[in-house]
Amino acid sequence: MIKTEERPDIRTVSVQKNTWVLEVPDEICEREGFAKGTLVSLTIKDGAIQSTFIRRSEEARLAVKRFSEKYGDFMREIAPID
């Protein structure tokens, strides 16, 4: 039998339609050699789950900050349309 474990350290960053973006727990990042704060994207497609690691870097952090500052209000305004 599979035991479930409460994991308050696994945080959902975003949910869009059939995709969830989660933070990878610190102990897994350490074990796998990922930077702390690495994300994983899980997408349900064709009856399976596809996953991609989104590695953290200073360049990516700055790009997200610039995009959010420029388009954040617009993205929030159009979110209810979908």
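For the structure itself, consult the block above.
Residues numbered from 1 in each chain as written. Predicted model: local features only at pLDDT ≥ 70, side-chain atom pairs only at ≥ 80, totals over all residues. Heavy atoms only, no water.

Draft legend 1. Expanded view of the overall build of the protein. Along its length, the protein carries two helices and four strands. Ordered by position from N to C terminus, the α and β elements of the protein give β-β-α-β-β-α. Expressed as a percentage of the 82 residues in the protein, the buried residues total 17%. Intrachain contacts of the protein at a sequence separation of at least 6 include 12% that bridge at least 24 residues. Split by element, the accessible area of the protein, about 7,200 Å² in all, is 55% carbon and sulfur. (Helix = DSSP H or I, 4+ residues; strand = E, 2+ residues; numbered from the N terminus. Buried < 20%, exposed > 50% of the residue type's maximum accessible area, 1.4 Å probe, protein only. Contact = heavy atoms within 4.5 Å. Areas by Shrake-Rupley, 256 points an atom, 1.4 Å probe, with all protein chains shown as cover.)

Draft legend 2. Representation of the pattern of salt bridges within the structure. Going through the model one piece at a time under the given rule, you end up with two salt bridges. Salt-bridge contacts for Lys36 lead to Asp26; the nearest nitrogen and oxygen are separated by 3.7 Å. Here Lys36 is found in the loop between helix H1 (26-32) and strand S3 (39-45), whereas its partner Asp26 is found in helix H1, with 10 residues between them in sequence. A salt bridge links Glu32 to Arg31; the shortest N-O distance between them is 3.4 Å. The partly exposed category is assigned to Glu32, whose relative accessible area is 46%. (Salt bridge = Lys/Arg side-chain N within 4 Å of Asp/Glu carboxyl O.)

Draft legend 3. Region of interest: the packing of aromatic side chains. Counting across every chain of the model gives one aromatic pair. Here Phe34 and Phe53 contribute two aromatic rings whose centre-to-centre distance is 4.7 Å and whose plane-to-plane angle is 50°, an arrangement assigned as tilted. Taken together, the residues Phe34 in the loop between H1 and S3 and Phe53 in strand S4 (residues 48-54) connect sequence positions 19 residues apart. Overall, the relative accessible area of 14% leaves Phe34 in the buried class. Owing to a relative accessible area of 44%, Phe53 belongs among the partly exposed residues under this scheme. (Phe/Tyr/Trp six-rings, centres within 6.5 Å; stacked < 30°, edge-to-face > 60°.)

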